Amino acid sequence: MEKYNVKFKKKLGQNFLKNKSIVKRIVSVSGIGPEDLVIEVGPGGAILTRELANVSKNVLAYEVDTDLKSELAAKLEYYDNVEIIFQDFLNSNIINDIKKYSYNKIYFISNVPYYITTPILMKLIESEIHFENIVMMVQKEVGDRFSTKPGNREYGSITVLLNYFYNIKKEFFVSRHEFIPEPNVDSVIVSFREKKDKLKLESFTFFEKIVRDSFQFKRKTIKNNLKKYNLEVVEKVLNKYGYNSSVRAEMLPVEVFVDLANCLYIK
């Protein structure tokens, strides 16, 4: 079991893994090769960082807590292929940061603080970097929301947005008992592999707006949530897929939202 000489900060969502077998399993499902670059956010006590460094060419990690400098330096003393940038990842310029590296494929593997899971995923999308695989540990309920299908209670706007870009898979369950300090929730490892055959969008920004507006009031119908748009166009698109405007957003698959966005978009 891993031991840490740190003062954990609840406000930063710091819960460090203690079981090395969990870390090995995370790396195993990622598919990293010896010529690949890995980006990690929140290395914490470096239990995952070391395992990533063992199998990849380079690891670039972002850590917002400067108080962890000595702990990370000690844990990574014998690793010359790891760079730690002490900066908030959400404020970083990933494109610039990876320019100096040569690599075959790029991966994002991380046990991120739960409260910034969605912002991190949106940043990765907006970066337009083609990650070979994104593997993240997330709160179990969040993992359910990311990977669920239309018609389920957990299905929401973030489900649609992420499933437009990725094939999402829940890899394995991680108990709350595997962390120091122990959190109040269980976790799940989720992988995101970029879809090679994404449907064409006129504008991702507009697509995102349509999706979020469609789910604005979860229990209301599409007709109510999209009333500021051309409802004749909305009805026509929905009819094409066997729905009408009285349907709720949680029943609609990704391709319907893509078609709605493209047909409602005005250049």
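It should be noted that the structure appears before, not after, this text.
Quick summary incoming for the structure in this document. (Residues numbered from 1 in each chain as written. Predicted model: local features only at pLDDT ≥ 70, side-chain atom pairs only at ≥ 80, totals over all residues. Heavy atoms only, no water.)

## What about the overall build of the chain?
And then number 1: The secondary structure content of the chain amounts to 11 helices and 9 strands.
And then number 2: Counting over 267 residues, the chain shows a buried share of 54%.
And then number 3: In the chain, 67% of the contacts between residues at least 6 apart in sequence involve partners at least 24 apart.
And then number 4: Carbon and sulfur atoms form 48% of the exposed surface of the chain, whose accessible area is close to 13300 Å². (Helix = DSSP H or I, 4+ residues; strand = E, 2+ residues; numbered from the N terminus. Buried < 20%, exposed > 50% of the residue type's maximum accessible area, 1.4 Å probe, protein only. Contact = heavy atoms within 4.5 Å. Areas by Shrake-Rupley, 256 points an atom, 1.4 Å probe, with all protein chains shown as cover.)

## Quick word on helix α10 (residues 231-240)
And then number 1: Of the residues making up α10, those classed as buried are V234, V237 and L238. Down the axis, α10 shows its buried residues gathered within 95 degrees of arc, on one side only. Within α10, the exposed residues directed more than 90 degrees away from the buried face are E232, K236 and K240.
And then number 2: The secondary structure elements touched by the buried residues of α10 are α9 (222-225) and α11 (254-264). (Arc of directions from axis to C-beta.)

## Some details on the sheet that holds strand β2 (residues 37-41)
And then number 1: Pairing is mixed across the open sheet formed by 7 strands, whose spatial order is β4-β3-β2-β5-β6-β9-β7. Two strands bound the open sheet, and with one partner strand each, they are β4 (82-85) and β7 (166-174). This sheet shows a mean twist of 20 degrees between the axes of neighbouring strands, independent of strand direction.
And then number 2: Bridging between strand β5 (residues 106-110) and strand β6 (residues 133-139) involves 4 bridges; their strand directions are parallel. Bridged to I109 within β6 is V135. (Pairing = 2+ DSSP bridges. Axes fitted to C-alpha atoms, helices over the stretch in contact; angles between N-to-C directions.)

## A few points about the pairing of strand β3 (residues 58-62)
And then number 1: Most of β3 sits out of view: 5 of its 5 residues are buried.
And then number 2: Along β3, one buried face is formed by N58, L60 and Y62 and the opposite face, lined by V59 and A61, is buried too.
And then number 3: Bridge count between β2 and β3: 5 bridges; the pairing is parallel. Paired with E40 across the bridge in β3 is A61.
And then number 4: In terms of handedness, the path from β2 via helix α2 (residues 47-55) over to β3 forms a crossover that is right-handed.
And then number 5: As a crossover connection, the stretch from β3 through helix α3 (residues 69-75) into β4 is right-handed. (Right-handed = clockwise from strand over helix to strand, strands pointing away.)

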